[in-house]
Amino acid sequence: MFDYKNACFYQIWPRSFMDSNNDGIGDLQGIISKLDYLKTLGINCIWLSPVYDTNNDDYGYDIKDYYTINPEYGNMQDLENLIEQCNLRGIQIFMDLVANHTSTDHKWFKEALRDPNSKYRDFYFFKETNDNSLPNNWLSFFGGSVWQKDPSKNNSYFLATFAPTQADLNWDNVNVRLEIYKIMAFYLEKGIAGFRMDVINTIDKKQGLPSYHPELKGLQFPKEYIIDGAKVHEYLKEMRKLVLDKYDACGLAEGCLVSLDNAMKYTSEQSKELQMTFHFDLAMLGYGELGKYDCRKLYQYSIMDIKKITRKWQNAMIEYNGYIGNYLSNHDHKRHLGRFTDVKKYHAEGAKAFALYNFTLMGSPFIYQGEEIGMTNLKIPYKEWKDYEAINSVKTMHDMLHIPNTLCRLIGSFVTRDNARTPMQWNNSQYAGFSQHQPWIMLNPNYERINVKNNLEDQNSIFYFYQKLIKLRHDFPVLVNGIFKEYNLQHPKVICFTRSNDNQSLLMIINLSKHKTSITLEYNFIGTYLFGSEEIPLQQTMKLKPYQALIYKIK
Ligand code: TEU
Ligand code: CA
């Protein structure tokens, strides 16, 4: 099996990574043309967001044919070429398994509509109501009801917990499960190392799909009814046995709003389910109960919140022997630069401090495309928005909460996933070297300053800092297998922890704030500087600059 614990991962969201045929849309040949760049960075595995045939209602997460490549991205030959070119460079691939739902243009769904007696009817959740009321009060992840009218029958609806054209699959139906396992085997046969599994912990919905707190007015997000359902463990054990173990392949759960105990159960060795999971605690920081469009927390959080989340998951891995992937950004959230850091005053310092934090934790580190060169968020005008989640969520906000549209859209532009989906910035030529054609989405004008070319020409760049961190993880096994132990838990700005195994200990001291500060270490460590933002000697009281991040080899 691929040594996922000893690997550094790189997430590619293909539509915005590299365009090889100048239609303004990223594609597989574009990725292939940049593999030497990724090799130079030193990553070991690519998580490739969906490349299957799609209507782009959710940019690939609405799949209409699992066995065909989105023609915008190329064809099956290109995918096989990508896998081969990656393997030649010692780079593995995790593909994105989207098994909670299919597009309503998938042939299974179309068959279910064409013939109510077909076996595909039970691939999905169809529910009839006698008085044209909705089957229940569930609120969708993307705003509005989860129920969409069944075009083939009056007073009949189908379940879509994300976009209206993403119909939820009924995992209770063994035929659904067997079809998914066939799809997995098809791609594993091509030599990929595993899958990142989209919202895999939402595949078991509460039996009978009952309303959630029916006593409450309006639509309600049915968290416990769709997140971490008990049967998820049963299905994952079956998937592990029938597919993953057959190919010695890895499973990485997205861990959508996953609870700690379920995350540990999904990934502990004794469970025999998956190898890794993400969690959402850091990604959801500052968001309200209902997610990124719920502004009731005013997107406020503290560094102490980051420290508490870190401590919770690091200690859980020690106690329950589970395993997580650590990420700062992905395609579902605005980039962490500018969200967690002061990107105006301390662009590079903030990038490096959070990178060193992410790369020295227990768990496999993930880089989201562009974070290694310090790409930032972009205020995108409403008319340029592309993301259905944003467009529909601000509409729901207006309709349900009667917040004025202008304010809803202001909030929307602050949190929209489009922030993280602007084209990769390769150089300062027109369209940032991403394409020679106007890209499908707005390009961040700061590409003239923030781009791969400039990073590669500056030895002190964010890119080379990431490259050194990746090398550090390979040169110091203690960063892979060392136990996490935290110090100075109450310090409001600095996170301080060691990673130790039988023959080595490293001490991390990271000022996660934009303020200078000092810290008197709880323990009088003796050690020598190893790596970080600036070489300063280890003392019991350390004066730290904004975002100063330091690693010491200690006795
Ligand atoms: O994401 C699930 C999910 O929870 C996000 O959609 C949501 O935007 C956010 O993270 C919670 O506020 C997965 C995919 O990563 C996402 O791109 C898809 O849109 C979604 O599932 C449906 O497939
Ligand atoms: Ca293209």
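Just so you know, these numbers come straight off a predicted model, no measurement behind them.

Calculation notes
- Residues numbered from 1 in each chain as written.
- Chains lettered and ligands numbered in written order.
- Predicted model: local features only at pLDDT ≥ 70, side-chain atom pairs only at ≥ 80, totals over all residues.
- Heavy atoms only, no water.
- Buried < 20%, exposed > 50% of the residue type's maximum accessible area, 1.4 Å probe, protein only.
- Helix = DSSP H or I, 4+ residues; strand = E, 2+ residues; numbered from the N terminus.
- Pairing = 2+ DSSP bridges.
- Disulfide = S-S within 2.5 Å.
- Salt bridge = Lys/Arg side-chain N within 4 Å of Asp/Glu carboxyl O.
- Patch = residues over 30% accessible without salt bridge, like charges linked within 9 Å, V, L, I, M, F, W, Y side chains within 5 Å.
- Areas by Shrake-Rupley, 256 points an atom, 1.4 Å probe, with all protein chains shown as cover.
- Donors = N, O, S within 2.8 Å, 3.2 Å for Na, K, Ca; no water.
- Near = heavy atom within 4 Å.
- Polar contact = N/O pair within 3.5 Å; in protein donor to acceptor, adjacent residues only side chain to side chain.
- Axes fitted to C-alpha atoms, helices over the stretch in contact; angles between N-to-C directions.
- Parallel < 35°, antiparallel > 145°, perpendicular 65-115°, else oblique.
- Left-handed = near helix turned anticlockwise from the far one by under 90°.
- Contact = heavy atoms within 4.5 Å.
- Nonpolar A, V, L, I, M, F, W, Y, C, P; charged D, E, K, R; others polar.

Trainee: Help me out: how do you make sense of the pairing of strand β9 (residues 156–159) in this one?
Mentor: Two faces belong to every sheet, and in a regular strand the side chains alternate between them. Neither face of β9 is left uncovered, since the one carrying S156 and F158 and the one carrying Y157 and L159 both have all their residues buried. Of the strand pairs in this sheet, strand β7 (residues 126–128) and β9 are connected by 3 bridges, and their pairing is antiparallel. From the neighbouring strand, E128 faces β9, where its bridge partner is S156. Pairing analysis gives 3 bridges linking strand β8 (residues 147–149) to β9, with the strands arranged antiparallel. From the neighbouring strand, Q148 faces β9, where its bridge partner is F158. Where β8 hands over to β9, the hairpin turn is made up of 6 residues, of which N155 adopts a positive phi near 50°.

Trainee: Teacher, can you tell me more about the state of the cysteines here?
Mentor: Taken as a whole, this structure holds 0 disulfides when the rule is applied. Unpaired in this structure, C295 has its nearest cysteine sulfur neighbour in C408, at a distance of 8.1 Å.

Trainee: Whenever I open this one, the pattern of salt bridges confuses me. Can you help?
Mentor: Close approach of charged atoms allows side chains with opposite charge to pair. Going through the model one piece at a time under the given rule, you end up with 31 salt bridges. One salt bridge in this structure joins E269 and K5, with 3.7 Å as the shortest N-O distance. Within this pair, whereas E269 is found in the loop between α8 (260–267) and β13 (276–277), its partner K5 is found in the segment before β1 (9–12), the two being separated by 264 residues in sequence. Look at K5 and you get partly exposed, because its relative accessible area is 28%. A salt bridge links E389 to K292; the nearest nitrogen and oxygen atoms lie 3.1 Å apart. Within this pair, whereas E389 is found in helix α11 (residues 388–401), its partner K292 is found in the loop between β13 and α9 (303–320), the two being separated by 97 residues in sequence. Of the two residues examined, E389 and K292, each falls in the buried class. Linked through salt bridges whose partners overlap, the residues forming this network are D58, K292, D332, D387, E389, R417 and R421.

Trainee: Honestly, the sheet that holds strand β2 (residues 45–48) in this entry has me stumped. Any pointers?
Mentor: Pairing is parallel across the open sheet formed by 8 strands, whose spatial order is β13-β12-β11-β5-β2-β1-β15-β14. A single partner strand is all that each edge strand has here, and the edge strands are β13 and β14 (325–326). With 2 bridges connecting them, strand β12 (residues 250–253) and β13 associate as parallel partners. In the strand pairing of β13, A253 is matched with T277.

Trainee: In this structure, what is going on with a nonpolar patch on the surface? I would like to understand it.
Mentor: Among the surface-exposed residues, V174, L178 and L242 lie close enough to one another that they form a single nonpolar patch of about 220 Å² accessible area. Mapped onto the elements, V174 comes out in helix α5 (residues 174–188).

Trainee: For this particular structure, what's the right way to read the coordination of the calcium ion (ligand 2)?
Mentor: For a metal with four tetrahedral donors the ideal donor-metal-donor angle is 109.5 degrees, while six octahedral donors give ideal angles of 90 or 180 degrees. Bound to the calcium ion (ligand 2) are the protein donor atoms D19 (OD), N21 (OD1), D23 (OD), I25 (O) and D27 (OD), situated 2.2 to 2.4 Å from the metal. As a motif over one chain, the donors of the calcium ion (ligand 2) read D-x1-N-x1-D-x1-I-x1-D. Looking at D19, the relative accessible area reads 2%, which means it is buried.

Trainee: Explain the site of ligand 1 to me, please; I cannot follow it from the model alone.
Mentor: Taken together, 19 residues lie near ligand 1, and D58, D198, K292, D332 and E389 sit nearest. Between ligand 1 and D332, the relevant distance is 2.4 Å, taken from an oxygen atom to a side-chain nitrogen or oxygen of the residue. At 2.9 Å from an oxygen atom of ligand 1 is found a side-chain nitrogen or oxygen belonging to R417. Protein chains shield 98% of the accessible area of ligand 1, which is 490 Å² for the free molecule.

Trainee: Looking at this model, I keep getting lost on the packing of helix α7 (residues 231–244) against α8. Mind explaining?
Mentor: A pair of packed helices is characterised by two quantities: the angle between their axes and the separation of those axes. Where α7 meets α8, the closest approach of the two axes is 10 Å, and the angle between their N-to-C directions is 15°. By the angle class used here, α7 and α8 are roughly parallel. Taken as a pair, α7 and α8 cross one another with a handedness that is right-handed. Together, V232, H233 and L236 of α7 and N262, K265 and Y266 of α8 make up the contact between the two elements. In terms of residue class, the contact of α7 with α8 is built from 3 nonpolar, 2 polar and 1 charged.

Trainee: How should the sheet that holds β7 be read in this particular structure?
Mentor: Whether parallel or antiparallel, the strands of a sheet pair through hydrogen bonds between backbone atoms. One open sheet holds the 3 strands; their spatial order is β7-β9-β8, and the pairing between them is antiparallel. Edge positions in the sheet fall to β7 and β8, since each of these pairs with one other strand and no more. In this sheet, adjacent strand axes meet at a mean angle of 40° when their direction is disregarded.

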